[in-house]
Amino acid sequence: MTQDELKQSVAGAACAYVAAHLPQGSVLGVGTGSTANFFIDALAALKDRLVGAVASSEATKVRLEKHGIRVMELNDVVSQGLAMPIYVDGADEITRDLAMIKGGGAALTREKIVAAVAGEFVCVCDESKLVERLGKFPLPVEVIPMASAQVMQALAKLGGEPKLRANCMTDNGNVIVDVHGLAIADPVQLEETINHVTGVVTNGLFARRGADVLLLATPSGVRELRRA
């Protein structure tokens, strides 16, 4: 199977999961990226079950609206006391403990916010993203532009090689620094350490709030793994 075929298969499995576990009339959180796009395309068949969806990026919002799915602001969902039981999104890397690196699409901050509100985080990806240790994929860090130089110096002291992502501005008006060459033995600790660097908005480690469920596409079918 090609990688796109694997992504399509796990997108279908995610829609089946949503159909089985999302109560009628709920709000659904929807992530960003190529696998999430396949999921959005498949989700169109379930749009009548949803009150609406919360998008983790402007690109996701556009794609949802293209399929006639109502997009809601997260502040409205929270202030109105609406339930968002499930958030579906991909990952750039994920371990068997369901800690992740995300942010290849530069939407990490909004993804982390939506994930924090959702009852359950369902990660969808193909088996190439499953790793024993995080760090082969460069760790994205969203940074206030005026602080990029000092943040890069601080990240270098942590043992990585920080590089400013070219021609990239986030939906929040910030820049992305990708940190190469990190061997991440303790994702939770590193996530906290980087987030305490002045000028950092957040980083792409999703370890303190990792996935609850992993739907993993393989040539022999989609496997389901749950957080222990």
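Data block above holds the structure.
Everything numeric in this text was worked out from a predicted model, so none of it was measured.

Inspection of the secondary structure assignment puts asparagine 37 in helix H2 (residues 34-43). In this structure asparagine 37 comes out as partly exposed when scored by relative accessible area, which is 23%. Each C-alpha atom of the pair asparagine 37 and threonine 60 lies 7.5 Å from the other, and the pair is 23 residues apart in sequence.

What follows concerns unusual backbone geometry. Although it is not a glycine, leucine 98 sits at a positive phi angle of roughly 70°. Within the secondary structure, leucine 98 is located in the loop between strand E4 (93-94) and strand E5 (100-101). Judged by relative accessible area, leucine 98 falls into the buried class, the value being 0%.

Looking at the secondary structure, you find serine 148 in helix H6 (residues 148-157). Here serine 148 is in contact with Val143 and Val175, once residues within four sequence places are set aside.

The next thing to look at is the packing of aromatic side chains. Applying the stated criterion to the full structure yields two aromatic pairs. Between the aromatic rings of tyrosine 87 and phenylalanine 121, the centroid separation amounts to 5.0 Å while the plane-to-plane angle is 75°, which identifies the pairing as edge-to-face. Taken together, the residues span a long stretch of sequence, with tyrosine 87 in strand E3 (residues 86-89) and phenylalanine 121 in strand E6 (residues 120-126) at a distance of 34 residues. Residues tyrosine 87 and phenylalanine 121 agree in their burial class; the two are buried. On the numbers, 6.5 Å between centres and 85° between planes, the contact of phenylalanine 121 with phenylalanine 206 is edge-to-face. Of the two residues, phenylalanine 121 sits in strand E6 while phenylalanine 206 sits in strand E11 (residues 205-206), which places them 85 residues apart along the sequence. The rings of Tyr87, Phe121 and Phe206 are connected pair by pair, giving a single aromatic cluster. Geometry around phenylalanine 206 places lysine 102 over its ring, the cationic atom sitting 5.6 Å from the centre.

Criteria and thresholds
Residues numbered from 1 in each chain as written. Predicted model: local features only at pLDDT ≥ 70, side-chain atom pairs only at ≥ 80, totals over all residues. Heavy atoms only, no water. Helix = DSSP H or I, 4+ residues; strand = E, 2+ residues; numbered from the N terminus. Buried < 20%, exposed > 50% of the residue type's maximum accessible area, 1.4 Å probe, protein only. Contact = heavy atoms within 4.5 Å. Phe/Tyr/Trp six-rings, centres within 6.5 Å; stacked < 30°, edge-to-face > 60°. Lys NZ or Arg CZ within 6 Å of the ring centre and 35° of its normal.

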